[in-house]
Amino acid sequence: MLNDITLGQYFPMKSVVHRMDARFKIVITLLYLVMLFWGQHIWSLVAGLLFTIVATLCSKIPPKMILKSIKPIVPILIFTGLLNLLMLDGGEVYWHWHFLKITEEGVQTSVFMIVRICLLIAGTSLLTYTTSPIVLTDAIESLLSPLKKLKMPVHELAMMMTIALRFIPTLIEETSKIMAAQKARGADLESGSLVQRAQALVPILIPLFVSAFRRAEELALAMECRCYHGGEGRTRLRKLQSGLRDYVALALMLLLFAAVIVLNTMTK
């Protein structure tokens, strides 16, 4: 299951999405997320699905990688779906047993929420799949640059966010190695009660924390040896440049966003 978590990984390819300005990709992703949770009509989800399919095809990322990113959250999807299905009361009643009900509103909300979460994971995964951590740092810093006037450490914030995102695959790989080592020593991680399973995780969490702190110390030492002192006076090898494809993609996203707003207004 841990190997299925692909958040934070970058897949270098030659595609239109990879060549896009990272600032535009971040803005488009934010508009996409707002559109998903703001839209209350079925067509808003259809628009989000079509946009995700088109973006995936243009990025040349294999669809199985998108499905792989959704696989780890299947338990969350099931729990969220059942919670909305059984707890919401409204519309026609399809099934009733004691205090549990399955109603029209519950089914609709459950399906909407599951689809929204899947599209959310797919959209955010495309951002990290098609953008390298260094470029992502520069883009975040550029978008937050107006906050420098308020004396906020924009560069440091962008660096911390990107390093945290970049270390997710590393820590997942480290966790898999530790679990394999504990199983080789006879540790039972998959059977027993919930309390026993939680206790079995202690020999995994302690080495993982030690490894994480060791890696953080090594990274800090490496940055210090390279005379890193934050963003002041810092130059960049590559400068972010926008082109026609960036404005076209943003215009399409804004059209979808406007369509969702119109649908919300019409359905009220």
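Rules used throughout
Residues numbered from 1 in each chain as written. Predicted model: local features only at pLDDT ≥ 70, side-chain atom pairs only at ≥ 80, totals over all residues. Heavy atoms only, no water. Patch = residues over 30% accessible without salt bridge, like charges linked within 9 Å, V, L, I, M, F, W, Y side chains within 5 Å. Areas by Shrake-Rupley, 256 points an atom, 1.4 Å probe, with all protein chains shown as cover. Salt bridge = Lys/Arg side-chain N within 4 Å of Asp/Glu carboxyl O. Helix = DSSP H or I, 4+ residues; strand = E, 2+ residues; numbered from the N terminus. Contact = heavy atoms within 4.5 Å. Core = buried A, V, L, I, M, F, W, Y, C linked by side-chain atoms within 4.5 Å. Buried < 20%, exposed > 50% of the residue type's maximum accessible area, 1.4 Å probe, protein only. Axes fitted to C-alpha atoms, helices over the stretch in contact; angles between N-to-C directions. Parallel < 35°, antiparallel > 145°, perpendicular 65-115°, else oblique. Nonpolar A, V, L, I, M, F, W, Y, C, P; charged D, E, K, R; others polar. Domains from an automatic or database assignment. Phe/Tyr/Trp six-rings, centres within 6.5 Å; stacked < 30°, edge-to-face > 60°. Expected span 1.5 Å × (residues − 1). Arc of directions from axis to C-beta.

**Q** What should I look at first to understand a nonpolar patch on the surface in this one?
**A** Taken together, the side chains of Tyr94, Trp95, Trp97, Val107, Val111 and Val115 define a hydrophobic patch exposed on the protein surface, amounting to about 550 Å² of accessible area. For valine 107, the position within the fold is in helix α6 (residues 104–129).

**Q** Just to check I follow, could you spell out the pattern of salt bridges for this structure?
**A** Proximity of charged atoms lets side chains of opposite charge pair with each other. Within the structure shown, the criterion is met by 2 salt bridges. Of the charged contacts in the structure, one is a salt bridge between arginine 23 and aspartate 21, with a shortest N-O distance of 2.6 Å. Across the pair glutamate 174 and arginine 215 runs a salt bridge, and its minimum N-O distance is 3.2 Å. One end of the pair, glutamate 174, is in helix α8 (residues 154–184); the other, arginine 215, is in helix α10 (residues 202–225), and 41 residues separate them in sequence.

**Q** For this particular structure, what's the right way to read the side chain of threonine 80?
**A** Structurally, threonine 80 can be placed in helix α5 (residues 74–87). Those residues in contact with threonine 80 that lie beyond four places of it in its chain are Met113 and Ile117.

**Q** Got a minute to help me understand the nonpolar core in this structure?
**A** Nonpolar side chains tend toward joint burial in soluble globular proteins. In this structure, Met20, Ile28, Leu31, Tyr32, Met35, Leu250 and Met253 are the most contacted members of the largest nonpolar core, which totals 13 residues. Residue contributions to this core peak at 6 residues, all from helix α2 (residues 22–38). The contacts of methionine 253, once residues within four sequence positions are left out, are Ile28, Leu31, Tyr32, Met35 and Phe51.

**Q** I keep staring at the packing of α2 against α6 and nothing clicks. Help me out?
**A** Geometry of a packed helix pair, given as the angle between the helix axes and the separation of the axes. Taken N-terminus to C-terminus, the directions of α2 and α6 make an angle of 180 degrees; their axes are 10 Å apart at the nearest point. One element, α2, and the other, α6, form an angle in the roughly antiparallel class. Packed against α2, whose contacting residues are Lys25, Ile26, Thr29, Tyr32, Leu33, Leu36 and Phe37, the element α6 presents Met113, Arg116, Leu119, Leu120, Gly123, Thr124 and Leu127 at the interface. A per-class count over the contact of α2 with α6 returns 9 nonpolar, 3 polar and 2 charged.

**Q** How should I be thinking about the environment of isoleucine 61 in this particular structure?
**A** Relative to the elements of secondary structure, isoleucine 61 occurs in the loop between α3 (42–59) and α4 (63–70). Sequence spacing of isoleucine 61 and valine 17 is 44 residues, and the spatial spacing of their C-alpha atoms is 9.9 Å. With residues up to four places along the chain from it excluded, the contact list for isoleucine 61 reads Phe11, Met13, His18, Thr56, Ile66, Leu126, Tyr129 and Thr130.

**Q** Where do I start with the domain arrangement of the protein in this structure?
**A** How big an interface is tends to be expressed through the accessible area that disappears when the partners come together. Each assigned domain of the protein is listed here: domain 1 (6–131 + 241–267) and domain 2 (146–225). One C-alpha centre belongs to domain 1, the other to domain 2, and the line joining them spans 28 Å.

**Q** How should I be thinking about the packing of aromatic side chains in this particular structure?
**A** Any pair of aromatic rings gets described here by the distance separating the centres and the angle formed by the planes. A full pass over the atoms with the stated rule returns 4 aromatic pairs. With centroids separated by 5.7 Å and ring planes inclined at 65 degrees, the aromatic side chains of tryptophan 38 and phenylalanine 257 adopt a geometry described as edge-to-face. You can see tryptophan 38 sitting in helix α2 and its partner phenylalanine 257 sitting in helix α11 (residues 244–267), a full 219 residues away along the chain.

**Q** Is there a simple way to explain α5 in this structure?
**A** Three- or four-residue spacings in an α-helix give side chains the same orientation, since the helix completes a turn every 3.6 residues. The end-to-end C-alpha distance of α5, which contains 14 residues, comes to 20 Å, matching closely the 20 Å that a straight helix rising 1.5 Å per residue would cover. For α5, the full list of buried residues reads Leu77, Thr80, Gly81, Asn84 and Leu85. Along the long axis of α5, the arc covered by the buried residues comes to 125 degrees, so they all point the same way. Opposite the buried face of α5, by more than 90 degrees, sit the exposed residues Pro75, Phe79 and Met87. Among the structural elements, α4, β2 (100–103) and α6 are those in contact with the buried residues of α5.

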